[in-house]
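Below, each chain spelled out in residue letters.
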Amino acid sequence: MPTIVDLGMVISRLPLDVYSALIKLVVAALRGHPRALAYSILDTCYRGSAKGLPVPKVDTVFQGGAALRLPTRNVMIDVDSSTTCLAFAPTDRVVIIENRQQQTFRVAYDVGRSRIGFAADGCG
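From a predicted model like this one, the values you see are computed outputs, not experimental measurements.

(A) Up close: the nonpolar core. One finds L22, V26, L30, V75, M76, L86 and F88 to be the most contacted residues of the largest nonpolar core, which totals 22 residues. Where this core is concerned, the elements lending two or more residues are α1 (16–29), β6 (67–70) and β10 (95–97). Tallying contributions element by element places α1 first for this core, with 4 residues. Non-local contacts of V26, meaning those with residues more than four positions away in its chain, are made with T44, Y46, P56, M76 and L86.

What follows is the structure, given as structure tokens:
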């Protein structure tokens, strides 16, 4: 599936099978924590702040080997003072990696060779 790396929006879009697997991982890790109602397109939400939850680290691996190991702040988003949600939504057309997942990383684009690279500890 085609992938776009975009800085303009906040919520990344993943293929439904990948999105479903991610939800299962997050729900298993947060078992016992109180759920919250869905927030707009975000359907996996919990009461509280992301900082207070044992959110699993998520690896996003691209064809060719570039990878992002996402810490909690890149996986969940606090949508208000009492609710945090998984910062991803499903798609059936184009994968979009948005700015939430790129925060704290340096991103290098090699347009001529159609490559992208990521390094931890960028601006954040």
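Now that the structure has been shown, the text picks up again.
(B) Up close: the state of the cysteines. According to the stated counting rule, one finds 1 disulfide in the structure shown. In this model C45 forms its disulfide with C85; the gap between the sulfur atoms is 2.1 Å. Because the torsion about its S-S bond is 105°, the bridge between C45 and C85 counts as right-handed. Placement of the pair is C45 in strand β4 (residues 45–47) and C85 in strand β8 (residues 83–86), with a sequence separation of 40 residues.

(C) Structural detail: the sheet that holds β4. Taking strand neighbours across the sheet as the criterion, the 4 strands line up as β3-β4-β8-β7 in an open arrangement whose pairing is antiparallel. Looking at which strands have only one partner, the edges of the open sheet turn out to be β3 (35–36) and β7 (76–80). One ladder, built from 2 bridges, connects β3 with β4; its direction is antiparallel. Following the sheet pairing, A36 is matched in β4 by C45. Here α1 sits on the sheet and contacts β3, β4, β7 and β8; the angle it forms with β8, its principal contact strand, is near 140°.

(D) Region of the structure containing the layout of surface pockets. Approximately 720 Å³ is the volume attributed to the largest pocket. The wall of the largest pocket is formed by 27 residues, among which T3, V61, F62, Q63 and I116 lie closest to the centre. Contributions of two or more residues to the lining of the largest pocket are made by β1 (3–5), β2 (12–15), α1, β5 (58–61), β10, β11 (105–110) and β12 (115–120). Residue classes in the lining of the largest pocket are distributed as 18 nonpolar, 6 polar and 3 charged.

Each value, and the rule that gives it
Residues numbered from 1 in each chain as written. Predicted model: local features only at pLDDT ≥ 70, side-chain atom pairs only at ≥ 80, totals over all residues. Heavy atoms only, no water. Core = buried A, V, L, I, M, F, W, Y, C linked by side-chain atoms within 4.5 Å. Buried < 20%, exposed > 50% of the residue type's maximum accessible area, 1.4 Å probe, protein only. Helix = DSSP H or I, 4+ residues; strand = E, 2+ residues; numbered from the N terminus. Contact = heavy atoms within 4.5 Å. Disulfide = S-S within 2.5 Å. Pairing = 2+ DSSP bridges. Axes fitted to C-alpha atoms, helices over the stretch in contact; angles between N-to-C directions. 1 Å grid on protein atoms, 1.4 Å probe; cavity = no way out; pocket = protein on both sides within 12 Å on 5 of 7 lines; lining within 4 Å. Points joined across faces, edges and corners; volume = space filled by probe spheres on them. Nonpolar A, V, L, I, M, F, W, Y, C, P; charged D, E, K, R; others polar.

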